[in-house]
Each structure stands twice: as structure tokens, then as C-alpha cells.
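# Descriptive analysis of the structure
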Amino acid sequence: MDLASLIVGLTLIATAVVVLVLAWLLARGRWSPSAWHRARLEATGGTDETWHRVRRYAGRRFMMWSIPVLLAGAAAWWVPAQAAAWLVFAPVLYVVPCIEAVRYARRLEASA
């Protein structure tokens, strides 16, 4: 293991842990809305109930997608430095739960 692999691994693990904690707060409904994250999807229709349902769903999805990022961080310690360089793109996986949350919000809107 070289220094680059160590840095990549620790950074990915730290990122996954921070996202896991924030996602857990969202999924449990313990993170109340504040002025700095009030953006609402148009699909939520502006109702608080739909907004909270989408946030809880997104929290669960972010927790699930944090596992591959966490594993990529651990894998960075055992792969060569050239391969570890590709692992820095692992947080791009967090785009997937964003898309899933938007699709879920649209499904909720369509069923309402």
C-alpha cells in the first residue's frame, strides 16, 4: 500500500460515513427542514407529507448506495495505486439515489 492508495481509501471511507450519518437522519425523519436545504422537487407538489416521504425514501437509498463507496475505500488499500486512482470516482454512485428519489417523487405525484 502506498500513500496515494491510503489517502484515496480514507477519503472514500470518510465520505461514505458522512453520507451514511446524514442519510440515517433523513430516513428516520430526525433531520428537520432548515433554510439551507429547503429546495423542493416540483413533483412533491409542495405538500409536507409528500416531501417527508421522499426524504425518508432518499435517506434509505443513500444509505444503501454508501455501502459500495465504503467498500471501494476499503479496497483502495489492497489494489495497486493505478487502480486506486479509478476508485476516486466511486462517489459518482451517489447520483443514482438522487435519480431514484426524483422518480419516486414523480410516482407519488402520479398516484395522488
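Residues numbered from 1 in each chain as written. Predicted model: local features only at pLDDT ≥ 70, side-chain atom pairs only at ≥ 80, totals over all residues. Heavy atoms only, no water.

## Describing the overall build of the protein chain
Which entries qualify depends on this criterion: Secondary structure elements are defined from DSSP: runs of H or I of at least 4 residues count as helices, runs of E of at least 2 residues count as strands, and each element is numbered from the N terminus. Burial classes follow relative accessibility: with a 1.4 Å probe on protein chains only, a residue under 20% of its type's maximum area counts as buried, one over 50% as exposed, and anything between as partly exposed. Contacts: residue pairs with any heavy atoms within 4.5 Å of one another.
Across its full length, the protein chain holds four helices and zero strands. Written out in order from the N terminus, the α and β elements of the protein chain read α-α-α-α. Looking at the protein chain as a whole, 35% of its 112 residues qualify as buried. For the protein chain, contacts bridging at least 24 residues in sequence account for 75% of all contacts bridging at least 6.

## Thoughts on the packing of helix α1 (residues 3–27) against helix α2 (residues 48–75)
Angle between the axes and distance between the axes are the two parameters that describe a pair of packed helices. Note the cut-off: Lines are fitted to the C-alpha atoms to define the axes, a helix being fitted only along its stretch in contact, and any angle between axes, read from their N-to-C directions, falls within 0 to 180 degrees. Here is the rule for angles: anything less than 35 degrees is roughly parallel, anything more than 145 is roughly antiparallel, 65 through 115 is roughly perpendicular, and the remaining ranges are oblique. Should the near helix be turned anticlockwise from the far one by less than a right angle, the crossing is left-handed, and should it be turned clockwise, the crossing is right-handed.
Contact pair α1 / α2: the axes reach a minimum separation of 8 Å and the direction vectors enclose 165°. On the basis of the axis angle, α1 is roughly antiparallel to α2. Crossing hand, α1 versus α2: left-handed. Listed contacts from α2 to Gly9, Leu12, Ile13, Ala16, Val17, Val19, Leu20, Ala23, Trp24, Leu26 and Ala27 of α1 are Arg55, Arg56, Gly59, Arg60, Phe62, Met63, Ser66, Val69, Leu70, Ala72, Gly73 and Ala74.

## Quick word on the packing of aromatic side chains
In plain terms, the rule: Between rings of Phe, Tyr and Trp, where Trp is taken as its six-membered ring, a pair exists when centres lie within 6.5 Å; planes separated by under 30 degrees are stacked, by over 60 edge-to-face, and by other angles tilted.
One pass over the full model with this rule turns up four aromatic pairs. Aromatic pair tryptophan 86 and phenylalanine 89: ring centres 6.0 Å apart, planes at 45°, arrangement tilted.

## Topic: helix α4 (residues 95–111)
Just so we agree on the cut-off: In this analysis, the expected span of each helix is defined as 1.5 Å times one less than the number of residues it contains. The arc in question is traced by the directions running from the helix axis to the C-beta atoms.
Between its terminal C-alpha atoms α4 stretches 25 Å, which fits the 24 Å expected from 17 residues at 1.5 Å a residue. By the burial criterion, the buried members of α4 are Pro97, Glu100, Ala101, Tyr104, Ala105 and Leu108. Relative to the axis of α4, the buried residues are bounded by an arc of 140° and lie together on one face. With respect to the buried face of α4, the exposed residues turned more than 90 degrees away are Arg103, Arg106 and Ala110. Check the buried side of α4 and you find it contacts α2.

## Here we look at the environment of arginine 61
When you line up the elements, arginine 61 lands in helix α2. You can call arginine 61 partly exposed: its relative accessible area is 21%.

## Comments concerning the pattern of salt bridges
Cut-off, in case you're wondering: Salt bridges, as used here, are contacts in which a Lys or Arg side-chain nitrogen is within 4 Å of a carboxyl oxygen on Asp or Glu.
Under the definition given, this model contains two salt bridges. Across the pair arginine 56 and glutamate 49 runs a salt bridge whose closest N-O atoms are separated by 3.8 Å. Residue class for arginine 56 comes out partly exposed when judged on its relative accessible area of 29%. The residue glutamate 100 makes a salt bridge to arginine 61 at a minimum N-O spacing of 2.8 Å. Here the residue glutamate 100 occupies a position in helix α4, and arginine 61 occupies one in helix α2, the gap between them amounting to 39 residues. Judged by relative accessible area, glutamate 100 falls into the buried class, the value being 18%.

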